[in-house]
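Remarks on the overall topology
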2 protein chains.
Amino acid sequence: MFMDVFPTSEAASTDLLAGKTVLVIDVLRATSTITTALANGASQVLPVLTIKEAHRRASDFAPDTYLLGGERKALKIPNFHLDNSPRAYVREVVKNKTIIFTTTNGTRAINRALSAQTLLLASFLNARAAARRAWEAGKDVYLLCAGTRGRYSLDDAACAGMLLQYLRKLQPGAQLGDLAYTLLHLYRTHRKGILQLISQASHYQRLVDMGLEADIMYCLQENIYTAVPRWDKKQNMIVL
Amino acid sequence: MFMDVFPTSEAASTDLLAGKTVLVIDVLRATSTITTALANGASQVLPVLTIKEAHRRASDFAPDTYLLGGERKALKIPNFHLDNSPRAYVREVVKNKTIIFTTTNGTRAINRALSAQTLLLASFLNARAAARRAWEAGKDVYLLCAGTRGRYSLDDAACAGMLLQYLRKLQPGAQLGDLAYTLLHLYRTHRKGILQLISQASHYQRLVDMGLEADIMYCLQENIYTAVPRWDKKQNMIVL
């Protein structure tokens, strides 16, 4: 079993991902939010790339059965029900709803990995369960970090390292690609200070400046969910 | 002063590099070889992207004033004088010659950085001097790793970390981007075992399998040269 990491969506080779297991990571905040929504009873999440497409797809659903969620520049989109704060996706709001969802980096990363045989969404919130599900699929595992505006991002990198730590426990002989080796080491030497590590991320400072520190604290909680969102190819939806 | 790293040529934003200082890194082996050639008295190095272009440019030079050097798939190119082994670029061979040079990853990385105000070539062989020259230029510094076939490569990453270590000593308050932070940490925690670190690289194993271990040992020597190759915009050449 071979395991490696792509630092951004743009860096990911769709050819290489075809038929493999892919864990998409967008810690701050898309995969944390989608995991929260599904863990709290949302029936499915439909990721779309554009705001226009979100509205177009919404017309397929009866009113009160769906919610529009996501962000542009980390802010709520006008006329959407929800922003990209995972803390907004509580049970009372999302239960049995379809979430039509668009974010800057996260939905692009999911889109990039559609050729995978098994496409799972990971974050700190569900890392242990996500690693196990990826391992159970029995294929090479690629971790696809969403990154931030096309650049490598420490928050996703730290989470990739944590996932690799779990994956290597499950498959001690797994071969690691160069970036996988780097991020497993980064995680192991920072595991007792993940917040301190992530506070070095340029993305972190931007979110703090926008008053989103509570979201960050939420997203850094480890293994509070066993829910692992997966892409369902037949439905073209993210489900549990 | 801001410092960051691009993991591959493809990841580098030419817009972002414009007007900045760029250190191109291709440890195994292009920047190590070019540094060796110039340190050993080659008059200039002309990097080209294709074999065809190498022959075309050669016709501008009198016989015996130039050498064709480089590799494809790590091997010597037919009808070229030299391969990409830095150990072949000894003084008796290269003195006062123009080297017309093409490699798979290295020349592409150089090409990607032509918008830089100051474009320097770095390797373990000249890291301390290269960091100082980059710092003296007084602009933001981007380290552009050539990578291996479009992927992040541990050998270049380790050298980037070493360069950042020197750069931070020269400019203690420098702000680091996310990948710069990661690779500085990688270097600091492996500085006593760089060979062991680089032996994890997939590229490393490929070169060893091809019998190129002596090249690797050569390229891992630290600070044996103070020569820092730079791109001369007027001549369109790499010179000292």
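Parameters and conventions
Residues numbered from 1 in each chain as written. Chains lettered and ligands numbered in written order. Predicted model: local features only at pLDDT ≥ 70, side-chain atom pairs only at ≥ 80, totals over all residues. Heavy atoms only, no water. Helix = DSSP H or I, 4+ residues; strand = E, 2+ residues; numbered from the N terminus. Rg over C-alpha atoms; globule rule 2.2 N^0.38 Å. Contact = heavy atoms within 4.5 Å. Areas by Shrake-Rupley, 256 points an atom, 1.4 Å probe, with all protein chains shown as cover. Lys, Arg positive; Asp, Glu negative; His and termini not counted. Charge placed at Lys NZ, Arg CZ, Asp CG, Glu CD. Core = buried A, V, L, I, M, F, W, Y, C linked by side-chain atoms within 4.5 Å. Buried < 20%, exposed > 50% of the residue type's maximum accessible area, 1.4 Å probe, protein only. pLDDT = per-residue confidence, 0-100. Buried area = accessible area lost by both parts, 1.4 Å probe. Salt bridge = Lys/Arg side-chain N within 4 Å of Asp/Glu carboxyl O. Polar contact = N/O pair within 3.5 Å; in protein donor to acceptor, adjacent residues only side chain to side chain. Nonpolar A, V, L, I, M, F, W, Y, C, P; charged D, E, K, R; others polar.

The subject of this paragraph is the overall build of chain A. Scanning chain A from terminus to terminus reveals eleven helices and ten strands. Radius of gyration (C-alpha) of chain A: 16 Å, near the 18 Å computed for a compact globule of 240 residues. The long-range share in chain A, meaning contacts at least 24 apart out of those at least 6 apart in sequence, stands at 77%. Counting only carbon and sulfur atoms, one obtains 49% of the accessible surface of chain A, whose full area is about 9400 Å². Side chains of chain A carry 29 positive and 20 negative charges; the gap between the two charge centres is 3 Å.

Glancing now at the nonpolar core. Residues Leu23(A), Leu143(A), Leu163(A), Leu23(B), Leu143(B) and Leu163(B) are the most contacted members of the largest nonpolar core, which totals 104 residues. Setting aside residues up to four positions removed in sequence, Leu23(B) forms contacts with Leu120(B), Ala122(B), Ala130(B), Ala134(B), Val141(B), Tyr142(B), Leu143(B), Leu144(B), Leu163(B) and Leu167(B).

In low-pLDDT regions, the fine details of the predicted coordinates are not to be read closely. Taken over all residues, the pLDDT of chain A has a mean of 96, while the share at 70 or more is 100%. Scored by ipTM, the complex comes to 0.94, with pTM at 0.95.

Let us look at the interface of chain B and chain A. Across the contact, 23 residues belong to chain B and 23 residues belong to chain A. Taken together, the two surfaces of chain B and chain A that pack against each other cover about 1900 Å², and 56% of this comes from carbon and sulfur. Our enumeration of links across chain B and chain A arrives at two salt bridges. We note a salt bridge from Arg151(A) to Asp4(B), for which the minimum N-O separation is 2.7 Å. For the pair chain B and chain A, the number of links is eleven residue pairs in polar contact (both at pLDDT 80 or more). Listing elements by their share of the side of chain B that touches chain A, those giving two or more residues are strand 1 (2-6), helix 8 (178-188) and helix 9 (194-198) of chain B. With seven residues, the single largest contributor to the side of chain B that touches chain A is helix 8 of chain B. Class assignment of the residues belonging to the side of chain B that touches chain A gives a composition of twelve nonpolar, eight polar and three charged.

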